Amino acid sequence: MTTDASINLKVRPITAADNSLIAQVIRDVSAEFGLTADKGYTVSDPHLDRLFELYSEANSAYWIVEHDGVVVGGGGVAPLACSAPDICELQKMYFLPQVRGLGLARDLALRAMEFARQRGFQRCYLETTGSLTRAIKLYESLGFELIDNAMGCTGHVDCEVRMLKVL
């Protein structure tokens, strides 16, 4: 990932010590956008406080973004549960306001998709919500296309925007 050294950003694989830190980032960003647990958004994920363990599973990865040594975001990829074996899911892409607009989400999504390609995935799925317009524009610019129906077993019942990309 290319970053401006003057803003002191670091991208690295998640560690067990990051669990509570990235969970708090996800909770803060979710609250900022009104994405509540009662509606099935990521904050309702039972694995939210143990992402290191979740992304230590086969064909899964999660990267942490640090700004001046503080966790400010992250994103990952994993096989899409309850789906064809060639489909992965771009997951839990969350960034605090101070690092938005720097290209981190794009770089992380590209990193995740390359990781998935190297592991034999042929398609990448994601779910989001219509209120996250900047995220949707990013995903479209990366070649994701809107699809009508949900895929897999994500548990995100209120994520009404579903997208798919051929890798």
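Placed above this text is the structure.
A brief structural summary. (Residues numbered from 1 in each chain as written. Predicted model: local features only at pLDDT ≥ 70, side-chain atom pairs only at ≥ 80, totals over all residues. Heavy atoms only, no water.)

A tally of regular secondary structure across the protein gives four helices and seven strands. The C-alpha atoms of the protein give 15 Å as radius of gyration, which agrees with the globular expectation for 167 residues (15 Å, within 12%). Over its C-alpha atoms, taken along the principal directions, the protein stretches across nearly 40 × 35 × 30 Å. Here the protein, with 167 residues, has 46% of them falling under the buried criterion. The contacts of the protein with a sequence gap of at least 6 include a subset with a gap of at least 24, amounting to 64%. When the accessible area of the protein is evaluated, it comes to approximately 8100 Å², of which 51% is carbon and sulfur surface. (Helix = DSSP H or I, 4+ residues; strand = E, 2+ residues; numbered from the N terminus. Rg over C-alpha atoms; globule rule 2.2 N^0.38 Å. Buried < 20%, exposed > 50% of the residue type's maximum accessible area, 1.4 Å probe, protein only. Contact = heavy atoms within 4.5 Å. Areas by Shrake-Rupley, 256 points an atom, 1.4 Å probe, with all protein chains shown as cover.)

Taken as a whole and judged by the stated rule, the model has one disulfide. Each disulfide pairs two cysteine sulfurs, and for Cys82 the partner residue is Cys153, the sulfurs being separated by 2.1 Å. Negative torsions about the S-S bond denote left-handed disulfides, and the value of about -110° found for Cys82 with Cys153 makes this one left-handed. Taken together, the positions of Cys82 in the loop between β3 (70–79) and β4 (87–95) and Cys153 in the loop between β6 (145–147) and β7 (161–166) put the pair 71 residues apart, joining distant regions of the chain. (Disulfide = S-S within 2.5 Å.)

Treat this as a map of the structure, not an account of what it does.
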